[in-house]
Amino acid sequence: MTKIKTKYKFNSETLQYEKIKFSFKKFFLKLFQRSVVSFSFGAILMVLYIIIYESPEEKLLRAEVKFLQENLNKINQRLKVNDSLLNVIAKNDNYIYRTTFELDTIPTSVRNAGVGGSNRYKIYEGYNSTEIIKDVAKQLDEFELKLKIQDESYKILLAEMKKRGNIYKSLPVLQPIHVNELTRIGSFYGYRPHPILGVIQMHHGIDMVAPTGTPVYASGDGVVELVEKIRTGYGNNIVINHGVNGLKSRYAHLHTINVKKGQKVKRGELIGTVGSTGLSTAPHLHYEILVNNSSVNPLRYMLVPNPSEYEQLINETQYPGKSFD
Ligand SMILES: [Zn+2]
């Protein structure tokens, strides 16, 4: 056991060294004072160290933050470039595609409506990078919305194109007898003396002269509405309903009929052959175009492709599987 050292103090009044009485109170007070001093000194040193030197971990984090901020800025710039590209696409959509198909343009105010709610970006607040993160998030939101609108617009355009494509295919524009097989046009649309009855009568179609058995093709897509086999008038005849603009086509005086009532036919499909049935003097095809059941001049609608184009079209109808819709 160690002895507590006896301490002395010089008394200037008595001129003697006097024993100092040991006091726990004084001992702890001193201990406390010294501790405070050394702790403060240590703390100051530590703060100085932190200010002057960074820990390797801190250095890494600082570099990481710089890297993130720089790249976020770059990403933000790229988003801005893409956004202006999207604006060009939107402009073309409005003024080229939608206008072509007679669709209303989508106003810029709708396309650029932005995403509502100011609280939406509150979660990003309170950091040094708040502004840049907010900006990126906002740009991405706007970009997504614009893309969605554009996507919807294209879907509508595609549906419209398909609809118009079907209308185009349905128009009865093909000359029903192959250009190489047509001898001549025997009679045009209009008033003329009837070859058998001898009186001036309205001729509701055109007569296409060709030998008996010459193929007769559908002039446009449609549904066979009438198949009639009679000894008078039109003789053996077919009416195709094209389903657009009230258009129908009639093929009369046929020798044979290759289709049934209710059958769907494609433009260029073989539907019968030239004959001289009904009220007819010689083999020919009497061809009519009806609009809302009234005859019009078929030449108004007829397109005559050149022989090779005609051949190609006829060949295409030989493959019933070939369809794009
Ligand atoms: Zn006729």
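Every value quoted in this text rests on a predicted model; they were computed, and no experiment measured them. (Residues numbered from 1 in each chain as written. Predicted model: local features only at pLDDT ≥ 70, side-chain atom pairs only at ≥ 80, totals over all residues. Heavy atoms only, no water.)

Engineer: Can you walk me through the overall build of the protein chain in this structure?
Structural biologist: Scanning the protein chain from N- to C-terminus turns up five helices and 15 strands. Taken over the C-alpha trace, the protein chain has a radius of gyration of 48 Å; the compact-globule value for 325 residues is 20 Å, which it surpasses by more than 25%. Taking the principal axes of the C-alpha coordinates as reference, the protein chain spans close to 170 × 40 × 30 Å. The long-range share in the protein chain, meaning contacts at least 24 apart out of those at least 6 apart in sequence, stands at 64%. Working note: accessible area of the protein chain is about 22,400 Å², and carbon and sulfur atoms make up 59% of it. (Helix = DSSP H or I, 4+ residues; strand = E, 2+ residues; numbered from the N terminus. Rg over C-alpha atoms; globule rule 2.2 N^0.38 Å. Contact = heavy atoms within 4.5 Å. Areas by Shrake-Rupley, 256 points an atom, 1.4 Å probe, with all protein chains shown as cover.)

Engineer: Any chance you could explain the environment of Ile-185 here in plain terms?
Structural biologist: Note on placement: Ile-185 falls in strand S3 (residues 184-187). With a relative accessible area of 23%, Ile-185 lands in the partly exposed category. Between the C-alpha atoms of Ile-185 and Val-209, which are 24 residues apart in sequence, the distance is 5.9 Å. The residues contacting Ile-185, other than those within four sequence positions of it, are Ile-206, Asp-207 and Met-208. (Buried < 20%, exposed > 50% of the residue type's maximum accessible area, 1.4 Å probe, protein only.)

Engineer: Help me understand the packing of aromatic side chains, please; the structure alone is not making it clear to me.
Structural biologist: Aromatic rings considered in pairs are described by the distance between their centres and by the relative angle of their planes. Evaluated as defined, the whole model comprises six aromatic pairs. Plain terms: the ring middles of Tyr-251 and Tyr-287 are 5.3 Å apart, the flat faces sit at 45° to each other, and that makes the pair tilted. Here Tyr-251 is found in strand S10 (residues 247-252), whereas its partner Tyr-287 is found in strand S14 (residues 284-291), with 36 residues between them in sequence. Overall, Tyr-251 belongs to the buried group, its relative accessible area being 0%. An aromatic cluster is built from Phe-24, Phe-27 and Phe-28, whose rings are joined through pairwise contacts. Its end group placed over the ring of Tyr-168, Arg-267 keeps NZ or CZ at 5.2 Å from the ring centre. (Phe/Tyr/Trp six-rings, centres within 6.5 Å; stacked < 30°, edge-to-face > 60°. Lys NZ or Arg CZ within 6 Å of the ring centre and 35° of its normal.)

Engineer: Mind showing me how you'd approach unusual backbone geometry here?
Structural biologist: Excluding glycine, most residues fall at negative phi; most peptide bonds, likewise, are trans. With a phi angle near 55°, Glu-102 is a residue other than glycine that sits in the positive phi range. Inspection of the secondary structure assignment puts Glu-102 in the loop between helix H2 (56-100) and helix H3 (108-111). Exposure remark for Glu-102: the relative accessible area of 64% places this residue in the exposed category. Within the chain, Asn-245 stands out as a residue other than glycine whose phi angle is a positive 50°. Mapped onto the fold, Asn-245 is located in the loop between strand S9 (236-241) and S10.

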